Amino acid sequence: MTALTKQLAPTPPMGWNSWNTFGHNISETVVRETADALISTGLKDCGYNHIVLDDCWSVKDGRDKNGDLIADPEKFPNGMKALADYVHNKGFKIGIYSDAAEKTCGGYPGSLGFEEQDANLWASWGIDFLKYDYCNAPLYDQAEAIKRYTRMGEALRKTKRDFLFSLCEWGNQSPHLWARNIGGHMWRVSGDVFDSWINIWMKDWKSYGIGIDVSIDIANDLHSYGGPNGWNDLDMLVVGLKGKGQISGGGMSFLEYQTHMSMWVMACSPLMIGCDVRKMEADTASLLMNREVLDINQDSLGIPASRVKQIGTCDIWTKRLADSSIAVSVTNRGSRGEDISLKARDIGLLETPKLARNLWTQEDIADFKVELPLRVEPHETILLKIN
Ligand code: GLA
């Protein structure tokens with residue numbers, strides 16, 4: 001870790017972000033109700049302790065006469081300081097959003113040329129986290145991207161307030177190679193993840209919305225770059241959107257959401273909920289709130305998992321844990337159910353007695369020495385902890 005990166009993210013950050021459900025329809029009412037719901041549902045106790053306002057929080061057509069960004073008075077009639085106080089009093093950290101260009105993705109004012117002024121304003125409101133986007137900035141110019149993110153990183157540090165710095169340039173300029181060195185704590189590794197198993201063509205954007213199946217390969221390619229205080233960010237969770245979020249994609253089956261959650265957990269991705277937690281249903285809660293599963297993501301060694309083997313259409317991934325056990329995921333990426341045999345030596349274990357626990361069902365399923373038979377349904381992930 002470099003001296004620049006403050007140790008604000010020893011394990012992958014967890015929380016909630018407004019974008020996937022609310023888009024430009026954010027407001028202080030939504031944020032307050034979400035804070036309350038994160039508590040009443042038990043999500044906060046599970047570790048989801050950041051509340052991040054994404055794009056569209058400010059007045060769209062400009063800054064005030066001093067050049068300051070203005071929180072939209074219709075969406076936030078009591079202002080950002082009062083909202084930050086509310087959220088802090090409930091024990092959360094609060095995040096905000098801007099962009100390393102003149103305008104954000106939604107066309108709101110960005111922070112290019114105003115880095116210090118904006119950082120000071122956010123610090124005065126008590127903001128703890130910045131998601132810094134890259135719309136309207138030059139693509140495929142790595143030096144320019146590094147320059148723009150460095151400038152904002154410096155501005156944040158100059159405020160003397162602790163800001164968790166979340167880079168969102170979608171992986172085009174290999175942020176895994178430099179984001180940590182300029183003070184970033186997490187960096188997006190792809191375009192926006194949609195509520196879909198496969199990539200979908202977005203006519204308006206002239207690009208693809210990323211599906212879960214593709215994210216899994218990106219996570220494997222980049223696994224060695226993530227670790228304490230600097231994480232590969234696979235994007236906000238789409239668990240629970242069920243096709244209803246403001247990002248489309250049509251929705252996924254329960255087992256596909258389970259695979260999505262399993263792989264974000266295994267990859268040590270930040271876990272930022274994107275659904276409307278005020279209306280969370282029981283199946284969604286079961287995926288977001290399984291503590292044994294979350295413990296794998298939050299393990300103190302912070303080693304992202306990687307693929308060790310493919311059997312038929314199944315991916316086998318492993319992740320070493322601080323208590324000397326390992327987490328193993330078996331993901332069937334094909335469209336037919338598979339009966340496989342997981343061999344101890346395929347996952348780097350000796351043929352001595354060991355106990356396999358299924359983390360989704362929270363059952364000890366087998367003592368085995370040499371191999372473990374498993375049935376894996378299409379697009380299902382079985383998550384095991386093996387002692
Ligand atoms: C980009 C980002 C998203 C979201 C939107 C907001 O697409 O990748 O995560 O922040 O902008 O406009």
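A quick note: this is a predicted structure, and the numbers were derived from the prediction, not measured.

## Digging into the overall build of the chain
The number of helices and strands found in the chain is 9 helices and 18 strands. Scaling as 2.2 N^0.38, a compact globule of 387 residues should have a C-alpha radius of gyration of about 21 Å, and the chain matches this with 21 Å. Over its C-alpha atoms, taken along the principal directions, the chain stretches across nearly 70 × 40 × 40 Å. Burial analysis of the chain (387 residues in total) assigns 59% to the buried set. Within the chain, contacts between residues at least 6 apart in sequence are counted, and of these 69% link residues at least 24 apart. For the chain, the accessible surface area stands at approximately 15400 Å², while carbon and sulfur atoms represent 49% of it. Charge-centre separation for the chain: the mean point of 41 positive side chains lies 3 Å from the mean point of 51 negative side chains.

## Remarks on the pattern of salt bridges
Where charged atoms of side chains with opposite charge meet at close range, the side chains can pair. Enumeration according to the criterion identifies 28 salt bridges in this entry. One salt bridge in this structure joins Lys131 and Asp54, with 2.7 Å as the shortest N-O distance. Note that Lys131 is positioned in strand E4 (residues 129–133) and Asp54 in the loop between strand E2 (50–52) and helix H3 (79–89), a separation of 77 residues in sequence. Of the residues examined, Lys131 reaches a relative accessible area of 8% and is grouped as buried. Asp128 serves as the salt-bridge partner of Arg161, at 2.6 Å between the closest nitrogen and oxygen. Here Arg161, found in the loop between helix H5 (142–158) and strand E5 (164–168), pairs with Asp128, found in the loop between helix H4 (115–125) and E4; they are 33 residues apart in sequence, far enough to count as distant. Using a relative accessible area of 30% as the deciding quantity, one classes Arg161 as partly exposed. Because the salt bridges share partners, they merge into one network encompassing Asp213, Asp217, Arg307, Asp315 and Arg333.

## Describing the environment of Gly110
Among the secondary structure elements, Gly110 is positioned in the loop between strand E3 (93–99) and H4. Taking the relative accessible area as the measure of exposure, Gly110 reaches 4% and is therefore buried. Placed 55 residues apart in sequence, Gly110 and Asp55 show a C-alpha to C-alpha distance of 9.9 Å.

## A word on the site of the ligand
Lining the immediate environment of the ligand, one finds 13 residues, of which Asp54, Asp55, Lys131, Asp133 and Asp192 sit closest. For the ligand, an oxygen atom lies 2.8 Å from a polar atom in the side chain of Asp55. Separating an oxygen atom of the ligand from a side-chain N or O atom of Lys131 is a distance of 2.8 Å. Alone, the ligand offers 300 Å² of accessible surface; in the complex the protein occludes 94% of this. Here the ligand occupies the largest pocket. A class-by-class count of the residues in the shell around the ligand yields 6 nonpolar, 1 polar and 6 charged.

## A short note on the side chain of Ser306
Along the chain, Ser306 falls in strand E11 (residues 306–311). Ser306 gets classed as buried once you look at its relative accessible area, which sits at 16%. The residues touching Ser306, leaving out its near neighbours within four places in the chain, are Asn220, His223, Ile316, Trp317 and Thr318.

## A few points about the layout of surface pockets
Its boundaries defined by the atoms lining it, the largest pocket holds a volume of some 610 Å³. Taken together, 27 residues make up the lining of the largest pocket; nearest its centre are Cys135, Trp170, Gly191, Asp192 and Trp205. Volume-wise, the second largest pocket comes out at about 230 Å³. For the second largest pocket, the lining is made up of 16 residues, of which Leu8, Asn49, His50, Lys93 and Leu164 are closest to its centre.

## A short note on the state of the cysteines
Throughout the structure, instances matching the rule amount to 1 disulfide. The disulfide partner of Cys105 is Cys135, and the S-S distance across this bridge is 2.1 Å. A torsion of 95° about the S-S bond marks the disulfide between Cys105 and Cys135 as right-handed. In this pair, Cys105 is assigned in the loop between E3 and H4 and Cys135 in the loop between E4 and H5, connecting sequence segments 30 residues apart. Assessed through its relative accessible area of 18%, Cys135 is described here as buried. Between Cys268, a cysteine without a disulfide, and Cys46, which holds the nearest cysteine sulfur, the sulfur-to-sulfur distance is 18 Å. For Cys268, a relative accessible area of 0% puts it in the buried group.

About the thresholds
Residues numbered from 1 in each chain as written. Predicted model: local features only at pLDDT ≥ 70, side-chain atom pairs only at ≥ 80, totals over all residues. Heavy atoms only, no water. Helix = DSSP H or I, 4+ residues; strand = E, 2+ residues; numbered from the N terminus. Rg over C-alpha atoms; globule rule 2.2 N^0.38 Å. Buried < 20%, exposed > 50% of the residue type's maximum accessible area, 1.4 Å probe, protein only. Contact = heavy atoms within 4.5 Å. Areas by Shrake-Rupley, 256 points an atom, 1.4 Å probe, with all protein chains shown as cover. Lys, Arg positive; Asp, Glu negative; His and termini not counted. Charge placed at Lys NZ, Arg CZ, Asp CG, Glu CD. Salt bridge = Lys/Arg side-chain N within 4 Å of Asp/Glu carboxyl O. Near = heavy atom within 4 Å. Polar contact = N/O pair within 3.5 Å; in protein donor to acceptor, adjacent residues only side chain to side chain. 1 Å grid on protein atoms, 1.4 Å probe; cavity = no way out; pocket = protein on both sides within 12 Å on 5 of 7 lines; lining within 4 Å. Sits in = over half its atoms within 2 Å of the grid points. Nonpolar A, V, L, I, M, F, W, Y, C, P; charged D, E, K, R; others polar. Points joined across faces, edges and corners; volume = space filled by probe spheres on them. Disulfide = S-S within 2.5 Å.

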